[in-house]
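Coordinates in review
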Amino acid sequence: MVHDTVASLLRVAPKFTDKLDVSQIRNAEDLLRVLPRQLSADDITALVSLLPHDGGTAFGLNWTIVHAVEGAPLWPLWDALTDPSNEWVRRFLIRLADAGLSPPLHRVN
């Protein structure tokens, strides 16, 4: 279950792109300011889903999402990083590799 703040972010726009209007940007900024630090796996997955495939920054909003996700106690959440066609997923994977972390070779379900 996602936190109320994350659910509200999901209602701002399906993806945070550079095409957001001023009211969407302000709404997202306000919500990101009160984002909980203890993000759940569902919260992380939802936030990653907001990041556009093309790597657009949405006027810096997406970097705030990246920092929130990377600061979450459950990070890294490898299951949220399965779409290598997404530039943001690639960035996460590069940053994790630079930190000496790599996904598990196989997972036990």
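Residues numbered from 1 in each chain as written. Predicted model: local features only at pLDDT ≥ 70, side-chain atom pairs only at ≥ 80, totals over all residues. Heavy atoms only, no water.

1. Side note on the side chain of Asn-86
Of note, Asn-86 is situated in the loop between helix H4 (61-70) and helix H5 (87-98). Overall, Asn-86 belongs to the buried group, its relative accessible area being 4%. If near-sequence neighbours (up to four positions away) are discounted, Asn-86 is found in contact with Leu-51, Pro-52 and His-53. (Helix = DSSP H or I, 4+ residues; strand = E, 2+ residues; numbered from the N terminus. Buried < 20%, exposed > 50% of the residue type's maximum accessible area, 1.4 Å probe, protein only. Contact = heavy atoms within 4.5 Å.)

2. What about the packing of aromatic side chains?
A full pass over the atoms with the stated rule returns two aromatic pairs. Ring geometry for Trp-63 and Trp-88: centres 4.9 Å apart, planes at 75 degrees, overall edge-to-face. Taken together, the positions of Trp-63 in helix H4 and Trp-88 in helix H5 put the pair 25 residues apart, joining distant regions of the chain. Residue classification places Trp-88 among the buried positions, given a relative accessible area of 1%. An angle of 55 degrees between the planes, with centres 5.0 Å apart, marks the rings of Trp-75 and Phe-92 as tilted. One end of the pair, Trp-75, is in the loop between H4 and H5; the other, Phe-92, is in helix H5, with 17 residues separating them in the sequence. (Phe/Tyr/Trp six-rings, centres within 6.5 Å; stacked < 30°, edge-to-face > 60°.)

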